[in-house]
Amino acid sequence: MSRPKKQPAKDCIFCQIATGKLPASKRFEDRDMVAFDDIHPHAPIHVLVIPKKHITSLADVTPKDKELMGKMLYRCKELARQLNIADSGYRVTVNVGKWGGQVVPHLHFHLLGGAPLTERLSLYTEAAVLLAKE
Ligand code: AMP
Ligand code: ZN
């Protein structure tokens, strides 16, 4: 059953962060989005940028969300500047679905930087592919 898009999804941890029910180390907030530190950082700077409304993943974005997506990407760029990682370089990633490695089913952009990042964007083995097909 589909729920109204603006209503927080019950039991969604990122909806709970967006509404302030769960604590987070916030870096930015406006009416559309929240940015906060990842609880298990993969780099010295690891910030998650999420929409306040529940969108399960990038795969669920609709044409109505296009402006929001632009705002979120622009916020990544602004945060990178504010966190002093713009000049050295950084990475913005979005994991989508099971094989994309998405664990939390509420859309989020990862902003990573503060150290040289590995060149490998993806990591998979043929064994993992075979297992996933079983
Ligand atoms: P993904 O694998 O793309 O779904 O990434 C989910 C990210 O959310 C992981 O990097 C987690 O460390 C992070 N995370 C999960 N719960 C929290 C939380 N309560 N506060 C901050 N980050 C979280
Ligand atoms: Zn949610």
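Structural data are supplied above this passage.
Below or above, wherever it landed, is the structure these notes cover.

Conventions used here
Residues numbered from 1 in each chain as written. Chains lettered and ligands numbered in written order. Predicted model: local features only at pLDDT ≥ 70, side-chain atom pairs only at ≥ 80, totals over all residues. Heavy atoms only, no water. Salt bridge = Lys/Arg side-chain N within 4 Å of Asp/Glu carboxyl O. Buried < 20%, exposed > 50% of the residue type's maximum accessible area, 1.4 Å probe, protein only. Near = heavy atom within 4 Å. Polar contact = N/O pair within 3.5 Å; in protein donor to acceptor, adjacent residues only side chain to side chain. Areas by Shrake-Rupley, 256 points an atom, 1.4 Å probe, with all protein chains shown as cover. Helix = DSSP H or I, 4+ residues; strand = E, 2+ residues; numbered from the N terminus. Donors = N, O, S within 2.8 Å, 3.2 Å for Na, K, Ca; no water. Tetrahedral: all angles 85-135°; square planar, octahedral: opposite > 155°, others 65-115°. Contact = heavy atoms within 4.5 Å. Pairing = 2+ DSSP bridges. Axes fitted to C-alpha atoms, helices over the stretch in contact; angles between N-to-C directions.

Counted by the stated rule, this structure contains nine salt bridges. A salt bridge links Lys26 to Glu29; the shortest N-O distance between them is 3.3 Å. Of the residues examined, Lys26 reaches a relative accessible area of 36% and is grouped as partly exposed. A salt bridge links Asp32 to Arg31, with the nearest nitrogen and oxygen atoms 3.8 Å apart. We classify Arg31 as exposed; its relative accessible area is 71%.

The local shell around ligand 1 holds 16 residues, among which Asp38, Asn95, Val103, His108 and His110 are the closest. Within the backbone of Gly101, a nitrogen or oxygen atom sits 3.0 Å from an oxygen atom of ligand 1. Between an oxygen atom of ligand 1 and a side-chain N or O atom of His108, the distance comes to 2.7 Å. Relative to its unbound accessible surface of 500 Å², ligand 1 loses 84% to contact with the protein. Elements with a minimum of two residues in the shell around ligand 1: α1 (13–18) and β2 (33–37).

With that out of the way, let us pick up the coordination of the zinc ion (ligand 2). The zinc ion (ligand 2) binds to the protein through Cys12 (SG), Cys15 (SG), His54 (ND1) and His106 (ND1); the donor distances cover 2.0 to 2.3 Å. Classification of the site at the zinc ion (ligand 2) as tetrahedral follows from its four donor atoms and the range of 105 to 117° in their angles at the metal.

Now for the environment of Ser57. Checked against the element boundaries, Ser57 lands in the loop between β3 (45–51) and α2 (66–82). We classify Ser57 as buried; its relative accessible area is 7%. Between the alpha carbons of Ser57 and Val94 there is a distance of 8.8 Å; along the sequence they are 37 residues apart. Each residue touching Ser57, except ones within four places of it in the same chain, is listed here: Val96, Gln102 and Leu107. For Ser57, the side chain forms a polar contact with the main-chain nitrogen of Ala59, separated by 2.9 Å.

It is worth spelling out the sheet that holds strand β5 (residues 109–113) at this point. Read across the sheet, five strands follow the order β1-β2-β3-β5-β4 without closing on themselves; strand pairing throughout is antiparallel. Each edge of the open sheet carries a strand with a single partner, namely β1 (26–29) and β4 (90–93). With strand direction ignored, the average angle separating the axes of adjacent strands in the sheet is 15°. Where β2 and β3 come together, five bridges link them in antiparallel fashion. Within the sheet, the bridge partner assigned to Ala35 lies in β3 and is Val49.

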